[in-house]
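Remarks on the overall topology
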Amino acid sequence: MANVVVLGAGLSGVLMAYELIPQMRQEDKVILIGQGPTYHFVPSNPWVAVGWRKQSDIEISLPDIMQRKKIEYVGAGAKRVHPKENRIELEDGNSVTYDYLVIATGPDLAFDEIEGLGPEGNTQSICHVDHASRAYDAFQAFVEAPAPIVVGAVQGASCFGPAYEFAFILDTELRRRKIRDKVPMTFVTSEPYIGHLGLDGVGDTKGLLESEMREHHIKWITNAKVKTVEDGKMVVEEVNEDGSPKATHELPFGYAMMLPAFRGVPAVKDIEGLTNPRGFILVDEHQRNPAYPNIFSVGVCVAIPPTGPTPVPCGVPKTGFMIESMVTATAHNIGALLKGQAPETQATWNAVCLADFGDSGVAFVAQPQIPPRNVNWASKGKWVHFAKIAFEKFFLHKIRRGTAEPFYEKFMLERLNITKLKEVK
């Protein structure tokens, strides 16, 4: 009998548990460790922050689903991973031992790295549904006294898409309330240009997003470092291509949402051989840690180097389909080990993204996500908004059903030549 433990019950962790079940032998056991009993669909957080969704609309209770799938669910949260002991110390003082471990924790949000940043400071966040609910309360107060808005992503951030989404969703909601004319908007980003996305662009995302921002009267500052955030004022340093200071901007605001930099969670940070200096998990082409070969990792917590140097540090995003490809490859590799075989499966890291702008949006396909690519395509239109709504409903449905990839999803992706696994020769 083998205990296969998945640490983290977010998007990657829940799907990981589902995908492991078909790979297990009859006597093996899957244990999923989360923080509390609830899963929430992160891509819908921008909608929660403007009141288009309630928090309860995008939350799912996990224990009953996991029991039905014969997955043991532990909601105590992890305090520390002890890889030399094959043990996870839990927040409640108990421990879980493992034969194989998949780390799928997601990130720690580094608000503290910039003075005044974050929900406990002077800016809002959409990184967690609790943050998004607080952001909606702040937005409700804001619309009673309209003022400038600042949205964006700080230095070291690796998740830029939701910042663009939220800027345009705010624009849409303000127009619906007929107060957009009272609200100057500025987009502040560490990217070297609009549409870089931490990926050096996908298709013509630069042209598409710049055009959308001009059309919606959103000004922007790129190559930006947020120095401090005071109550109602953000100090931003804009730098040149060589990193030298170009200009300092003092941006007044009545409402601000800035995505933070990510780092590894405390449970794994500073474990030699397991993580890089930021606390992200080191993996090889099989999603396997080189120092601890019975540990795998998937999702946002995986260490990926930047696509290239930029004047201000920009991380690489881990998008949904890319994460799903990591999950599928990891499940196959653990299945191989359980059968006494060597892991050979590799994820494609292909990306398929839908960025909702409230009444339109931008979609892109990057195969693989990291350039150079075999497919490099982006498009915009109202259809993206409706596609994002449909995807939300579909994804929540498959989480409730306990299915990682229904047959019709697999069939459709194959017809579109979008694959999760590489052909290994």
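Residues numbered from 1 in each chain as written. Predicted model: local features only at pLDDT ≥ 70, side-chain atom pairs only at ≥ 80, totals over all residues. Heavy atoms only, no water.

**Quick notes on the layout of surface pockets**
To be explicit about the condition: Within this scheme a cavity is a closed region of a 1 Å grid, computed over the protein atoms alone, that accommodates a 1.4 Å probe without allowing it to escape, whereas a pocket is open but has protein on both sides within 12 Å along at least five of seven lines; lining residues each have an atom within 4 Å of a point. Grid points are joined across faces, edges and corners, and a volume is the space filled by probe spheres set on the points. Classification convention: Asp, Glu, Lys, Arg as charged; Ala, Val, Leu, Ile, Met, Phe, Trp, Tyr, Cys, Pro as nonpolar; all other residues, Gly among them, as polar.
By volume, the second largest pocket amounts to about 320 Å³. Of the residues that constitute the lining of the second largest pocket, the class distribution is 11 nonpolar, 4 polar and 2 charged.

**What about the pairing of strand 15 (residues 233-239)?**
To keep things clear, this is the line we draw: Exposed residues in this analysis have more than 50% of their type's maximum accessible area, buried residues have under 20%, and partly exposed residues fall in between, with area computed by a 1.4 Å probe over protein chains only. Numbering of helices and strands starts at the N terminus; helices are DSSP runs of H or I of at least 4 residues and strands are runs of E of at least 2. A strand pair is defined by DSSP finding two or more bridges across the two strands.
For strand 15, a buried count of 6 out of 7 residues is recorded, marking the element as mostly surrounded by other parts of the structure. Note: strand 14 (residues 224-230) against strand 15, 6 bridges, orientation antiparallel. Bridging across to strand 15, Glu230 finds its partner in Lys233. Where strand 14 hands over to strand 15, the hairpin turn is made up of 2 residues, of which Gly232 adopts a positive phi near 85°.

**Some remarks on the packing of aromatic side chains**
For the record, the criterion: Two rings from Phe, Tyr or Trp (for Trp, the six-membered ring) form a pair when their centres sit within 6.5 Å of each other. Planes less than 30 degrees apart are called stacked, planes more than 60 degrees apart edge-to-face, and all others tilted.
Applying the stated rule across the entire model yields 11 aromatic pairs. Ring plane angle 55° and centroid distance 5.8 Å describe the contact between Phe142 and Tyr255, whose orientation is recorded as tilted. With Phe142 in helix 4 (residues 129-142) and Tyr255 in strand 17 (residues 255-259), this pair connects stretches of sequence that are 113 residues apart. A relative accessible area of 4% means that Phe142 is categorised as buried. Taking relative accessible area as the criterion, Tyr255 reaches 3% and is therefore assigned buried.

**Quick look at the sheet that holds strand 21 (residues 361-367)**
Heads up, the condition is: With axes taken as lines fitted to C-alpha atoms, and helix axes fitted only over the stretch in contact, angles between N-to-C directions fall between 0 and 180 degrees. Residue contacts are counted whenever heavy atoms from the two residues lie within 4.5 Å of one another.
Ordered by their spatial adjacency, 3 strands build an open sheet running 20-21-22, and the pairing between neighbours is antiparallel. Lying at the two open borders of the sheet, with one neighbouring strand each, are strand 20 (351-356) and strand 22 (375-380). For this sheet, the mean angle separating the axes of adjacent strands, direction not counted, is 10°. Note that strand 21 and strand 22 share 6 bridges and pair antiparallel. Its bridge partner lying in strand 22, Phe364 is registered against Ala378. Relative to strand 20, helix 8 (residues 382-401) is tilted by about 110°, and along the sheet it contacts strand 20, strand 21 and strand 22.

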